[in-house]
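Breakdown of the fold
Spelled out, the chains give:
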Amino acid sequence: MATALFSDEINNVSSAYERFASEKGLVLLRPHRPCCSPMHFTIPSGCYALVSRHGADEEYEFPDGTKSIVWPAGLHFPYPPWYKVSNLVTQQAMVLDLPVKACKTKDNVTVNIDIALAFRIMGNSDLGEDPDFVRKFVHELKPRGLEQQLRDAQDEAVRGLARSLKHTEIYGIRSGVNTKHIQSVVGADGKQVNVEVDEDGIVEDTDDLAMPTHCDETLVGRSDTEDRDNARRATAEGIDVTDYMKTRLNRQFMPQGVEILSIMIQSCTLPKEIEQQMEEKTKVISKNAQQRMFHQNNMQNTRMEEEIVTLMQTFEEQRQQEESAGAEQINEEKVKLNDAIAEAKKAEAAIREEAIAKIQKLRAESNLEVQRIVSRKDETTATMKAESEKEAANLQAVTKLEVERKLAEASLTAEKESCRG
């Protein structure tokens, strides 16, 4: 964060980016003419560059014929040696620390308020801004003049803000304490309801202006509600003042080419004795709250112990009931199991008897079938034997007959041979 705005000189344009990045408050750089004058020069990005010809500002002509006092970044070639980069102005946003000392509050207490102001130099044609703003800043406003005007412009508003508040409310105006606006509306039940409206207009229910809903009444001091109301009011007033300061400064400085981006109230410092008094008050409130919390804790512990005993008794009764119910259910299941076993044994005996009867029937049928087979076998054997004997007798008779025939033929032949002889 910069504490002052200033300009400086550099030997080489190429070191401008590093200087702007490292030195807080540096707004304007004036490059020296190089020892040897080449036919080109370079403009770094992130800067507004003014180029002079024989000491007078020279406009840059774009290919479409338009002209601008601010030259674009990059290499420019060829240009005679009497063309040079005369001024470089940073395009980055800067934060300036503007403390206001010895402000008087409503109850005449001296307070120091530290303001941080973010701004940038206008002149970017891509954003629709007039590049001539850069020339006005370089030759008319200048860094020191801008700083002094900013200090003078915001000093009056800050002192007026401090004068409207008591010293007990002054800490509430710091930026970042609360970014929402509180509004009171009538709810559906006809009661007053506090709501928070953020920057996008979104409404959120809250009742913080009274007592936090998550806090017990015994833990909140009597002065807490009043202090909270004062802090809310101081915060809202601080937000309103910073918004008003930003609008007023933009109205004053935009015609000069400077845009105020934001204003932040960083810190508020009271005299040491006042801070000690407020600290003592806070300690007393905290001590009382601590005692109430200890008492509440003891009462809560007693209630919890009683609830634990009650719960243990309830659990013991439930356990006994569950055990009794479980025993009854076990007996019922045992009876069902015995019945099932008896039915199973009965079914098993019936199955055994049926199996024995089937086996005996199968055996009888098998024996009968065996006897029939044996009878058929004996009958077949006898038939085959008779047929064999009959056929053997027939063969024997035929054979005997054939032998007798052959013998007769032989005898006849022998007799015929005898007669011839």
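Conventions and cut-offs
Residues numbered from 1 in each chain as written. Predicted model: local features only at pLDDT ≥ 70, side-chain atom pairs only at ≥ 80, totals over all residues. Heavy atoms only, no water. Pairing = 2+ DSSP bridges. Helix = DSSP H or I, 4+ residues; strand = E, 2+ residues; numbered from the N terminus. Axes fitted to C-alpha atoms, helices over the stretch in contact; angles between N-to-C directions. Contact = heavy atoms within 4.5 Å. Buried < 20%, exposed > 50% of the residue type's maximum accessible area, 1.4 Å probe, protein only. Arc of directions from axis to C-beta. Expected span 1.5 Å × (residues − 1). Salt bridge = Lys/Arg side-chain N within 4 Å of Asp/Glu carboxyl O. Disulfide = S-S within 2.5 Å.

We now examine the sheet that holds strand 10 (residues 94-104). Strand pairs in the sheet, formed through backbone hydrogen bonds, run parallel or antiparallel to each other. Pairing within the open sheet is antiparallel, and its three strands lie in the order 10-11-15. Every other strand in the sheet has two partners, leaving strand 10 and strand 15 (258-269) as the edge strands with one partner each. Neighbouring strand axes in the sheet, compared pairwise and without regard to direction, differ in orientation by 25° on average. Of the pairings in the sheet, the one linking strand 10 to strand 11 (residues 110-121) comprises nine bridges and is antiparallel in character. Bridge assignment links Asp97 to a residue of strand 11, and that residue is Ala116. Across the face of the sheet, helix 3 (residues 143-163) comes into contact with strand 10, strand 11 and strand 15 while running at roughly 45° to strand 10.

Turning next to helix 2 (residues 132-141). What helix 2 keeps buried is the set Phe133, Val134, Phe137, Val138 and Leu141. The buried residues of helix 2 occupy an angular sector of 135° when projected down its axis, which confines them to one face. Lys142 occupies a position one or two residues after helix 2 and carries a positive phi of about 65°.

Attention now moves to helix 3. Taking 1.5 Å as the rise per residue, helix 3 with 21 residues should run 30 Å; its terminal C-alpha atoms sit 31 Å apart, in good agreement. Those residues of helix 3 not exposed but buried are Pro143, Leu146, Glu147, Leu150, Ala153, Gln154, Ala157, Val158, Leu161 and Ala162.

This part takes up the pattern of salt bridges. Enumeration over the complete set of coordinates arrives at 15 salt bridges. When the shortest N-O distance is used, the salt bridge between Glu323 and Arg319 registers 2.4 Å. With Glu323 and Arg319 both in helix 5 (residues 272-420) and four residues apart, the pair spans about one turn of that helix. Arg405 is paired through a salt bridge with Glu402; the nearest N and O atoms lie 2.1 Å apart. Taken together, the residues span about one helical turn, with Arg405 and Glu402 both in helix 5 at a distance of three residues. The partly exposed category is assigned to Arg405, whose relative accessible area is 36%. One continuous salt-bridge network, built from bridges that share partners, spans Asp8, Arg19 and Glu23.

Scanning the entire structure with this criterion turns up zero disulfides. Lacking any disulfide linkage, Cys103 is separated from the closest cysteine sulfur, that of Cys268, by 9.0 Å. On the basis of relative accessibility, which here comes to 6%, the residue Cys268 falls in the buried class.

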